[in-house]
Amino acid sequence: MESIVEVGALSARHRALAVLRVRSRALAVVLLPAALGVVLVAALTTGRLTGDPWPAVTLVVCAVAALVLLAAGIFAAVVHRASPAVTPTVPVPEAAAPDLYRLVRDLADRLDVPAPSAIALTPDCDSWLEDRTHAAHRRQGISPDVPQAAPVLVIGSPFLWWMRVGELRAVLAPVVAGTGPSALPDIAEARRFVRGLDAAVDVGNRPGLGWIARSARLLLRLCREDATEMERGVASAASERAQRVDYGLRIVAQEQVGLAYAGWDRLLTRVALPAWRMGRWPAHLDAGVVSALTELSRRDRLAEGFTSRLGERPACDLLEQPGLVDEAASLLAARLFHGGPAEAGPDWSPVDWTAYPEEVVDRKWRMEAARLHAALDAVAAPPGVAAAPVAPAAPSVPGGGDLYAGPTLERVLAHLADECGTAGETLAGRLSGDVARQERAAGAQAAKARGSDAVPLFPLQPPRTGRDLLADHVTAMVCCAAVDSAGAAPGLDWLDGPVLLVGGERRTDLAPRVLSLVEDGDAAPLRDWLAEVGVRPEKPVRLV
């Protein structure tokens, strides 16, 4: 195994030297005009070149050499000082997780590699080493003021809550093993060069600095293949070295990685995203992923064996205050995937899982119901006439039987019960425009609030079509009517998000009936469902 590891490390070092040769060749090209100028000046002063046009040629060559050296100096300064991108993470100081640091250091000792300089968490199902030794990082206080510090170990926060301690150690083994090749001077220098070029491309995108970006891209293209192969060699050496530590358990733990990724994706898209859109952020996403995966294990017979793991010690026990760390990771997830502010505030407040049904699900339904009725007013109003605002639900007229005023489900059913489907298309188009305008306004307001703290966004879902939006809004209207008139209640499903509970049981048969109404204009299946549940469509619903 040692020979295989050495082969991988030597291959990586060979590729690193190839990357550094690109830098050396670029330096040689820059110095070539200066060298030619020196030769011409020496020849003129010694009398070896006399008469025209050599004085003029020497002057031109020296001027060109000076310009090239000036441009190269500016470029080198930009590459040296430009701050490479740093992944937004939650730092975990050693005082907050002494057991976790002890586990990582013990792992590094068993692998005979340097221990990572620090540990940080990311709200994603991945783990890696990140070099934060650049001078710009030290100036900004991102990393310790130690030029040759080891990389930072970044761990996916869902792993800490879902995995057991032994599984986490097995998963981190090939990652921590990467600090060995990273410590080789040639590989470290090649990585710094490539990251500096990448940062220079970003700087060159500013006005007037396009030539820097073009030069950096040219050098990146010249060393791309060697840099890629260098990283593959590092990964190969680390993987082979890690086989000496918990290899059998690592195979089993990799299954948990895939399971955690599936549960985390469902939790973000189905549960967290609706709350984020309303200005609320679930404060314990990592604890939620455990509930989501436990629910998945209960539903899927193939996953029944995973529930026996829950009796073992979870890796989050390695943290002194897992609740605070979970809250910080949850806030960072909202920043990365939705663009939320970096800190909580009046318009960006946390929500606990126990309050989620009332504070998120119910409010979401009523906001969508209000938007649906506003769109109905808009499409029903004559051209040039502003739509009247939606009236709130009003009580029945005293002594007047079933006479109600305000928004009703009956109005929605009557409007969409159109066999041609034109009414639905018009309403869907109006909803799409309203939602797009509201999202643009909310995005601009959020960007203004974030200011310089903005981070790149990784959207969780593609834009929804008009039909999808209409179906969601009609479903929300039906749920509001069921809550107000049939004693139903909003609920939370860890895998599917907001759900309707009737008699304490989840109703899963609503969606096809709503689609029948939206796509075919057939209201009969939905009316039968409403009658079965006891919903009165003519009764106004309470909006936000």
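Keep in mind the model is a prediction, meaning the values are calculated, not measured. Throughout this description, residue numbers start from 1 for each chain and increase along the sequence as written. Where totals are concerned, whole chains, interfaces and linings use all residues; where local detail is concerned, this predicted model gives features only for residues with pLDDT of at least 70, and gives and counts side-chain atom pairs only at 80 or more. Excluded from the side-chain calculations are hydrogens and water; all other atoms, namely the structure's heavy atoms, are used.

Draft legend 1. Spotlight on the nonpolar core. W276 and V474 are the most contacted members of the largest nonpolar core, which has 109 residues in total. Each helix is a run of DSSP H or I of at least 4 residues and each strand a run of E of at least 2, with the numbering of both proceeding from the N terminus. Examining the composition of this core, we find that 12 residues originate from one element, helix α10 (residues 247-277), more than from any other. Throughout, a residue-residue contact means that at least one pair of heavy atoms, one from each residue, lies within 4.5 Å. If near-sequence neighbours (up to four positions away) are discounted, V474 is found in contact with L372, V412, L416, V514, L517 and V518. Of all hydrophobic cores here, the second largest spans 25 residues; its members include V78, V203, L219 and A227. Residues grouped as a nonpolar core are buried Ala, Val, Leu, Ile, Met, Phe, Trp, Tyr and Cys residues, joined through side-chain atoms within 4.5 Å. Only protein chains enter the calculation, and the probe is 1.4 Å; a residue is then buried if its accessible area is under 20% of its type maximum, exposed if over 50%, and partly exposed in between.

Draft legend 2. Fine view of the sheet that holds strand β9 (residues 505-506). Read from one edge of the open sheet, three strands run β7-β8-β9, paired in antiparallel fashion. Of all the strands in the sheet, the pair left with one neighbour each is β7 (489-493) and β9. Contacts from α10 reach β7 and β8 (497-502), with the element oriented near 95 degrees to β8. Axis definition: a line fit to C-alpha positions, over the contact stretch in the case of helices; interaxial angles, taken between N-to-C directions, run 0 to 180 degrees. Running over the sheet, helix α13 (residues 356-380) touches β7 and β8 and is turned about 110 degrees from β7. Pairing between strands is defined by DSSP: at least two bridges between the two strands are required.

Draft legend 3. Molecular detail of the packing of helix α2 (residues 54-81) against helix α8 (residues 185-204). At a minimum axis separation of 8 Å, α2 and α8 run at an interaxial angle of 110 degrees. Relative to α8, the element α2 lies roughly perpendicular. Across the interface between the two elements, F75, V78 and V79 from α2 touch G196, L197, A200 and V203 from α8. Across the contact of α2 with α8, the residue classes tally to six nonpolar, one polar and no charged. Note that the term roughly parallel is reserved for angles under 35 degrees, roughly antiparallel for angles over 145, roughly perpendicular for angles of 65 to 115, and oblique for everything else. For this scheme, ten residues count as nonpolar: Ala, Val, Leu, Ile, Met, Phe, Trp, Tyr, Cys and Pro. Four count as charged, namely Asp, Glu, Lys and Arg, and the remainder, Gly too, count as polar.

Draft legend 4. Focus on the pattern of salt bridges. Any Lys or Arg side-chain nitrogen located within 4 Å of an Asp or Glu carboxyl oxygen qualifies as a salt bridge. In this structure the tally under the stated criterion is 27 salt bridges. Put simply, R132 and E130 hold a salt bridge, and the shortest N to O gap is 2.9 Å. E130 carries the same exposure label as R132, and that label is buried. Here E425 makes a salt bridge to R467, at a shortest N to O gap of 3.8 Å. Of this pair, E425 sits in helix α15 (residues 422-450) while R467 is found in helix α16 (residues 466-485), placing the two residues 42 residues apart along the sequence. Take R467: its relative accessible area is 27%, and that puts it in the partly exposed class. A single network of salt bridges, built from pairs that share partners, joins R266, R270, D493, D496 and R506.

Draft legend 5. The arrangement of a nonpolar patch on the surface in detail. Only residues whose relative accessible area exceeds 30% and that form no salt bridge are eligible for patches; like-charged ones are grouped when within 9 Å, while nonpolar side chains (Val, Leu, Ile, Met, Phe, Trp, Tyr) are grouped when within 5 Å. Per-residue and other accessible areas were derived by the Shrake-Rupley procedure at a 1.4 Å probe size, with only the shown protein chains allowed to occlude residues. A surface patch of nonpolar side chains, about 260 Å² in accessible area, is lined by L27, L31 and L69. When you line up the elements, L31 lands in helix α1 (residues 2-45).

Draft legend 6. Highlighting helix α14 (residues 409-416). Buried residues of α14: L409, V412, L413 and L416, and no others. The arc that holds the buried residues of α14, viewed along the axis, is 95 degrees, so those residues lie on one side. The directions considered for the arc run from the helix axis to the C-beta atoms.

Draft legend 7. Summary view of the packing of helix α17 (residues 511-520) against helix α18 (residues 524-533). At a minimum axis distance of 7 Å, the contact between α17 and α18 shows a crossing angle of 145 degrees. Between α17 and α18 lies a crossing whose hand is left-handed. When α17 is examined against α18, the residues R513, V514, S516 and L517 are found in contact with a partner set consisting of P525, L526 and W529. Tallied by class, the residues present in the contact of α17 with α18 amount to five nonpolar, one polar and one charged. It is the rotation of the near helix from the far one that decides the hand of a crossing: anticlockwise by less than a right angle makes it left-handed, clockwise makes it right-handed.

Draft legend 8. Region of interest: the pairing of strand β4 (residues 152-156). Within β4, five of the five residues are buried, which leaves it mostly tucked inside the rest of the structure. The side-chain alternation of β4 yields two buried faces, one formed by V152, V154 and G156 and the other by L153 and I155. Across five bridges, strand β2 (residues 118-122) lies against β4 in parallel orientation. Looking across to β4, one finds that L121 is bridged to I155. In terms of strand pairing, strand β3 (residues 128-130) meets β4 through three bridges, oriented antiparallel.

Draft legend 9. Structural view of the environment of V29. The residue V29 is located in helix α1 in this model. In this structure, the C-alpha to C-alpha distance between V29 and V68, residues 39 residues apart in sequence, is 9.6 Å.

Draft legend 10. How the structure looks around the side chain of R132. Looking at where R132 falls in the secondary structure, it is placed in the loop between β3 and α4 (135-139). Exposure remark for R132: the relative accessible area of 8% places this residue in the buried category. Here a polar contact is recorded for every N or O atom pair within 3.5 Å, except that within protein the pair must consist of a potential hydrogen donor and a potential acceptor, and residues adjacent in sequence are included only if both atoms are side-chain atoms. A polar side-chain atom of R132 sits 3.1 Å from a polar atom in the side chain of T89.

Draft legend 11. Here's a closer look at helix α12 (residues 322-338). Relative to the 24 Å expected for 17 residues at 1.5 Å per residue, α12 spans 23 Å between its end C-alpha atoms, a close match to the ideal helical length. All of the buried residues along α12 are V325, D326, A329, S330, L331, L332, A333, A334, R335, L336 and F337. If you follow the buried residues of α12, they end up packed against β1 (90-92), β2, α5 (157-162), α10, β5 (280-282) and α11 (285-299). The positive-phi residue at the C-terminal boundary of α12 is G339, with phi of around 85 degrees. Multiply 1.5 Å by the residue count of a helix minus one, and that product is the helix's expected span.

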